[in-house]
There are 2 protein chains.
Amino acid sequence: MRTRFYNCRILSMQESMDVQQGEVWVDGRHISYVGAKKASDLPFDRDIDVQGNLIMPGFKNAHTHSSMTFLRSYADDLPLQEWLNDKVFPLEAKLTGEDMYHLAKVAILEYLTSGITCNFDMYLDSYQVAKASVDCGFRTVLVGAVNDFGQSPEELETCFQKLNAYHPLIRFCLGFHGEYTNSRQRLEQVAALAEKYKAPVYSHNSETKAEVAQCIERYGKTPTAFLDELGMFRYGGGGYHCVHFNQEDMEIFHKRGLYVVTNPGSNAKLASGIAPITRMMEMGIPIALGTDGPASNNCLDMFREMFLTTALAKLREEDAAAVDAQEVLRMAVCHGAHAMGLPECDCLTTGKLADLIIVDLHQPNMQPLNHIPKNLVYSGSKQNIKLTMVDGEILYEDGKFFVGEDPEAIYARANEITRRIQEGR
Amino acid sequence: MRTRFYNCRILSMQESMDVQQGEVWVDGRHISYVGAKKASDLPFDRDIDVQGNLIMPGFKNAHTHSSMTFLRSYADDLPLQEWLNDKVFPLEAKLTGEDMYHLAKVAILEYLTSGITCNFDMYLDSYQVAKASVDCGFRTVLVGAVNDFGQSPEELETCFQKLNAYHPLIRFCLGFHGEYTNSRQRLEQVAALAEKYKAPVYSHNSETKAEVAQCIERYGKTPTAFLDELGMFRYGGGGYHCVHFNQEDMEIFHKRGLYVVTNPGSNAKLASGIAPITRMMEMGIPIALGTDGPASNNCLDMFREMFLTTALAKLREEDAAAVDAQEVLRMAVCHGAHAMGLPECDCLTTGKLADLIIVDLHQPNMQPLNHIPKNLVYSGSKQNIKLTMVDGEILYEDGKFFVGEDPEAIYARANEITRRIQEGR
């Protein structure tokens, strides 16, 4: 399949944030040309007039739990512990693997509407989420969720081997749920796997004040310092949330080249706090953005996360100049790809994988045309996503989905599962 | 014109937040029936199958400066004073009245995409904004902007008389820019007009820490206490922003029945702070929501403001249960109408004005269907707005605008004006 996008404004995000006029060609799974209008020797299967709209690399949702759609807006406005213990955990216990497959598809549809071309997903059954993703043509990097009540280090290793050989759209990273849900022994076993495979490791880290305080009580150290001491980060990796970080935590992240994946929507809704993004940036720590799961956000929208990343930093620092919007766009697009081990998806240049989006500039929220990259962060919305292409295939265009199944069937199944679980069956 | 909406989920917002199945009829400017499916004696001009989507009253944008679209994403990520003095004021000085007319139309288009059916607008030339609104078929309540460098109390009185007799879509309220931009004498003149017309008065109030500190230095009182002492609020009114309020300010607002119009997007982006919404609600102060202008937000999206209203309160109070999402929906829909003196637009019941919207539930961010009203606040997006009707006329439907002018012409004009002003012509 050869696709030509012409009449484009191009934001390649390779180096500068300059917007160029021209064309983008896609050949199979890859971008084959980005530049000025020119003639092609070979015909295209499809020529798309982009009508002066913006073509750019897709957003990377660097932390989520896709299958949690069944809990979206089921139990909001509750204190965190009550929400988790009385609402989330008892209902999750009723999920089957097949449920997780169908529920993940609802999230994938939403990612497409928000210009998200891949997700970094942690959940109970990675195989089912991977299958949903492949069946939709979507790209997913799964991450282990080792914890004392669920996935074991042995199961993690099996996932790592199987899912990294499963499909070109799928990768799997070593990971565990969090320091607070694992015994020291389990964490040592995960660190041993990191050493064995020379692989990066990811986990929830310092999301709440209480989590950090309890770790200090247990081990006399913050989660980051404790995990680093176990040798967890010898080959890189990162942390989800990283809200309650002190200077030493940031120094460890910087020294080890770890990624902070910030989740401002979830951290606000669950009253967890505001991550010290400004300081992290000053130290050169790479930051990626994630929506977290649909039970805690509740929407899966990178436009919301981009605005919140800079807006909450401005509030935290009491400085309207904190965290330039262009840096936020780079987090959502490029750093996300790097955090997920997908350097071939980080920008729109020849040879990269064709994970790209078209942003409708013919909408009032994009007008007049002043600073387009900053306007994406401050004013962009799902409504502006005209097309989402993953791995060279168009999965979403002008409000229609091309994911191998009718969205109405996906919604119907998700509603059935949700009712069944809520009714305790 | 008689319109019948059938196959609806109805959120009337009259009392409860229950969602009913049924039909909504519109006869001319008013809602003529809301209830179960039934036969009509008279034929309809149009029968619209709502396909199980949600019909509800429109959102009210209770504080904005529509014509500032030319400054959207022109100068972001700057400290507040530098932004105002070096970017906003010098460029505003070049605006003509006709510019303001055309620029306001860009904002009106955006309001329609976000399900906003009226706005509470303060700007340099209320006549031009009113004309843009009427020409589009949109509803606008204008508010005076008396200050030492612009509108005089005499001009305010003329506006009040002329614009309240101008058109059924237009109202005008007494108002001034802020305590910090007016001499005591000017404020006393505004208070005298409030007394003369027994009318409510609105203004910016306690947006920044510095504004409050300077007022205390000048008069030994907070802006609210000082203005109240001048007799400004004898017939009600309200304040925009109200971020830095103390207990006495809130007691005055409560005693006088004043509305707080909160602008969380702008207050975050400009690092002004988080308003104490939780405490205001406990005291029974009615709260409405506004986007503020497109230079300070930068988008004009009530979904963003709704999410931020509860999310920032949760962060401020460190309590995930703070400010229930249903209360936020009531602010955006009902309290906004009351703050603007439009009780006939507050809910979807027989006899009210037909200012209503259809929300697309057949989108992944609305699925599965758990708690629909809360999901609007936590997960809703412009992408969900299928139809916006103002005063019985459909102005936006399935992505198309019906405002008497081609949106592309409106964008082209706005870009011309913006370039001219930036080039200093």
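Being a predicted model, the structure only gives us computed values, none of them experimental.

### Here we look at the sheet that holds strand β10 (residues 201-205) of chain B
All names here are of chain B. Strand order in the open sheet formed by 8 strands is β6-β7-β8-β9-β10-β11-β12-β13, and the pairing between neighbours is parallel. What marks the edges here is a single partner per strand, and that holds for β6 (59-64) and β13 (287-289). Averaged over all pairs of adjacent strands, the angle between strand axes in this sheet comes to 25°, irrespective of strand direction. Note: strand β9 (residues 170-176) against β10, 3 bridges, orientation parallel. Residue F176 lies in a different strand from β10, and its bridge partner there is S203.

### Some points on the domain arrangement of chain A
Interface extent is often summarised as the accessible area lost during association of the parts. Residues and elements named next belong to chain A. Split into domains, chain A comes out as domain 1 (2-58 + 345-401) and domain 2 (59-344). For the pair domain 1 and domain 2, the summed buried surface comes to about 3000 Å²; carbon and sulfur atoms form 65% of the total. The largest share of the area that domain 1 buries against domain 2 comes from V377, Y378 and K382, three residues that together contribute 23% of it. Between domain 1 and domain 2 we count 4 salt bridges in total. Across the pair R139 and D355 runs a salt bridge, and its minimum N-O distance is 2.7 Å. Inspection of the region where domain 1 meets domain 2 yields 17 residue pairs in polar contact (both at pLDDT 80 or more). For the side of domain 1 that touches domain 2, the elements supplying multiple residues, two or more each, are β5 (54-57), β14 (356-359), α13 (372-379), β15 (385-390) and β16 (393-397). Looking at which element gives the most residues to the side of domain 1 that touches domain 2, the answer is α13, with 5 residues.

### Comments concerning the nonpolar core
Counting residues in hydrophobic clusters, the biggest one holds 228 residues, and the most contacted among them are M56, F59 and L329 of chain A together with M56, F59 and L329 of chain B. Not counting residues within four places of it along the chain, the set of residues in contact with M56 of chain A comprises L11, M13, L329, V333, L348, L356, I357, V359 and L376 of chain A.

### What about the sheet that holds strand β9 (residues 170-176) of chain A?
Residues and elements named next belong to chain A. In spatial order, the strands read β6-β7-β8-β9-β10-β11-β12-β13; together these 8 strands make up an open sheet with parallel pairing. Strands at the two margins of the open sheet, each flanked by one partner only, are β6 (59-64) and β13 (287-289). Along the sheet, successive strands turn relative to each other by an average axial angle of 25°, direction set aside. Looking at chain direction, strand β7 (residues 116-121) and strand β8 (residues 139-143) are connected through 4 bridges and run parallel. If you follow C118 over to β8, its bridge partner there is R139.

### Considerations on the side chain of N267 of chain B
Secondary-structure assignment places N267 of chain B in helix α9 (residues 264-269). Discounting chain neighbours no more than four positions away, the residues touching N267 of chain B are L315 of chain A together with E207, H241, V243, S272 and G273 of chain B.

### Observations concerning the side chain of E110 of chain A
Looking at the element boundaries, E110 of chain A is found in helix α2 (residues 97-113). Using a relative accessible area of 0% as the deciding quantity, one classes E110 of chain A as buried. A distance of 2.8 Å separates the side chain of E110 of chain A from the backbone nitrogen of L300 of chain A, its partner in a polar contact. Sequence-distant contacts of E110 of chain A, that is, excluding residues within four places in its chain, are made with R72, C299, L300 and K382 of chain A together with P364, N365 and S379 of chain B.

### Considering helix α11 (residues 302-317) of chain A
Residues and elements named next belong to chain A. Relative to the 22 Å expected for 16 residues at 1.5 Å per residue, α11 spans 23 Å between its end C-alpha atoms, a close match to the ideal helical length. For α11, the N-terminal capping position is held by D301, with its side-chain oxygen 2.9 Å away from the main-chain nitrogen of F303. Backbone geometry just downstream of α11 places E318 in the positive-phi region, at approximately 50°.

### Points about the packing of α11 of chain A against α13 of chain A
All names here are of chain A. Remark: α11 packs on α13, axes separated minimally by 7 Å, with the N-to-C direction vectors making an angle of 90°. The orientation of α11 relative to α13 falls into the category roughly perpendicular. Facing F303, M306, F307, T310 and K314 of α11, the residues of α13 in contact are L376, V377 and Y378. Taken together, the residues of the contact of α11 with α13 sort by class into 6 nonpolar, 1 polar and 1 charged.

### A look at unusual backbone geometry
Residue and element names in this part refer to chain A. Geometrically, the link from N297 to N298 is a cis peptide bond, its omega value of 5° lying close to zero. Geometrically, the link from Q367 to P368 is a cis peptide bond, its omega value of -15° lying close to zero. Residue position: P368 is located in the loop between β14 and α13. One non-glycine residue, S206, lies in positive phi territory at about 55°. With respect to the element layout, S206 can be found in the loop between β10 (201-205) and α6 (209-219). Owing to a relative accessible area of 0%, S206 belongs among the buried residues under this scheme. Notably, C242 is not glycine yet its phi reads approximately 50°, a positive angle. Mapping C242 onto the fold places it in the loop between β11 (237-241) and α8 (247-256).

### Quick look at helix α2 (residues 97-113) of chain B
Residue and element names in this part refer to chain B. With 17 residues, α2 ought to run about 24 Å at 1.5 Å a step, and its terminal C-alpha atoms sit 25 Å apart, in line with that. Among the 17 residues of α2, 15 are classified as buried, and the element is accordingly described as predominantly covered. Downstream of α2 by one or two residues, G115 has phi in the positive range, about 75°.

### Let's talk about the interface of chain A and chain B
Counting residues at the interface gives 68 residues for chain A, matched by 68 residues for chain B. When the two sides are added together, the surface that chain A and chain B hide from each other amounts to roughly 5100 Å², 55% of it contributed by carbon and sulfur. Ranking the residues of chain A by area buried against chain B places D77, L315 and P364 of chain A at the top, with a combined share of 13%. Along the contact surface separating chain A from chain B lie 6 salt bridges. A salt bridge links D77 of chain A to K374 of chain B; the shortest N-O distance between them is 2.9 Å. Across the contact surface, chain A and chain B share 38 residue pairs in polar contact (both at pLDDT 80 or more).

### Quick word on the pairing of strand β8 (residues 139-143) of chain B
Residues and elements named next belong to chain B. Counting buried positions over the 5 residues of β8 gives 5, a clear majority of the element. Burial along β8 is two-sided: R139, V141 and V143 facing one way and T140 and L142 facing the other are all buried. With helix α3 (residues 126-136) bridging strand β7 (residues 116-121) and its parallel neighbour β8, the resulting β-α-β unit is right-handed. Pairing geometry for β8 and β9, over 4 bridges, is parallel. Bridge assignment links V141 to a residue of β9, and that residue is R171.

### A closer look at the pattern of salt bridges
Residues and elements named next belong to chain A. Applying the stated criterion across every chain yields a total of 54 salt bridges over all chains. E157 serves as the salt-bridge partner of K196, at 2.5 Å between the closest nitrogen and oxygen. Within this pair, whereas K196 is found in helix α5 (residues 184-197), its partner E157 is found in helix α4 (residues 153-163), the two being separated by 39 residues in sequence. As a salt-bridge pair, E188 and R184 come within 3.2 Å of each other at their nearest N and O atoms. On the criterion of helical spacing, the pair formed by E188 and R184 is a turn pair, its members being 4 residues apart in helix α5. A residue is classified by how much of its surface remains accessible, and R184, at 37% relative accessible area, is partly exposed. Residues joined in a network through salt bridges with shared partners are R29, R139, D355 and D391.

### Examining the packing of aromatic side chains
The description of an aromatic ring pair rests on the distance of the ring centres and on the angle between the ring planes. Within this structure, the stated rule accounts for 28 aromatic pairs over all chains. Relative to F44 of chain B, the ring of W25 of chain B lies with its centre 5.1 Å away and its plane at 70°, an arrangement referred to as edge-to-face. Of this pair, W25 of chain B sits in strand β2 (residues 20-27) while F44 of chain B sits in the loop between β3 (30-35) and β4 (46-49), and the two are 19 residues apart along the sequence. It is K38 of chain A that lies over the ring of Y33 of chain A; its NZ or CZ is 4.2 Å from the centre. The positively charged end of K269 of chain A is found above the aromatic ring belonging to Y378 of chain B, 4.5 Å away from the centroid.

About the thresholds
Position numbers for residues start from 1 in each chain and track the written sequence from start to end. Written order decides the labels, with chains lettered from A and ligands numbered from 1. Local features are withheld for residues below a pLDDT of 70 in this predicted model, meaning they are given only at 70 or higher, and side-chain atom pairs are given and counted only at 80 or more; totals for whole chains, interfaces and linings count all residues. In computing side-chain properties, one takes all heavy atoms of the structure into account and sets aside hydrogens as well as water. By the convention used here, strands pair only if DSSP detects at least 2 bridges between them. Strands here mean DSSP runs of E at least two residues long; helices mean DSSP runs of H or I at least four residues long; both are numbered from the N terminus. Here an angle of 0 to 180 degrees is reported between the N-to-C directions of two axes, which are lines fitted to C-alpha atoms, with helices fitted over the stretch in contact. For the domains described, the bounds stem from an automatic or database domain assignment. Here the quantity called buried area is the accessible surface, traced with a 1.4 Å probe, that two parts lose on coming together, added over both. Each salt bridge in this description consists of a side-chain nitrogen of Lys or Arg and a carboxyl oxygen of Asp or Glu lying within 4 Å of one another. Two N or O atoms count as a polar contact when they lie within 3.5 Å, although within protein this holds only if one can serve as hydrogen donor and the other as acceptor, and sequence-adjacent residues are included solely when both atoms are side-chain atoms. Residues belong to one nonpolar core when they are buried, are Ala, Val, Leu, Ile, Met, Phe, Trp, Tyr or Cys, and are joined through side-chain atoms within 4.5 Å. Only protein chains enter the calculation, and the probe is 1.4 Å; a residue is then buried if its accessible area is under 20% of its type maximum, exposed if over 50%, and partly exposed in between. Contacts are assigned to residue pairs that have any heavy atoms within 4.5 Å of one another. One less than the residue count of a helix, multiplied by 1.5 Å, gives the span that helix is expected to have. Here the angle decides the label: under 35 degrees means roughly parallel, over 145 means roughly antiparallel, 65 to 115 means roughly perpendicular, and every other value means oblique. Each residue gets one label: Ala, Val, Leu, Ile, Met, Phe, Trp, Tyr, Cys and Pro are nonpolar, Asp, Glu, Lys and Arg are charged, and the others, such as Gly, are polar. Orient the strands so they point away from the viewer; a crossover is then right-handed if the path from the first strand over the helix to the second runs clockwise. Note on aromatic pairs: the rings of Phe, Tyr and Trp (six-membered ring only in Trp) are paired at centre separations within 6.5 Å, and the planes decide the class, stacked below 30 degrees, edge-to-face beyond 60, tilted for the rest. For a lysine, the NZ atom is tested; for an arginine, the CZ atom; a charge sits over a ring if that atom is within 6 Å of the ring centre and within 35 degrees of the ring normal.

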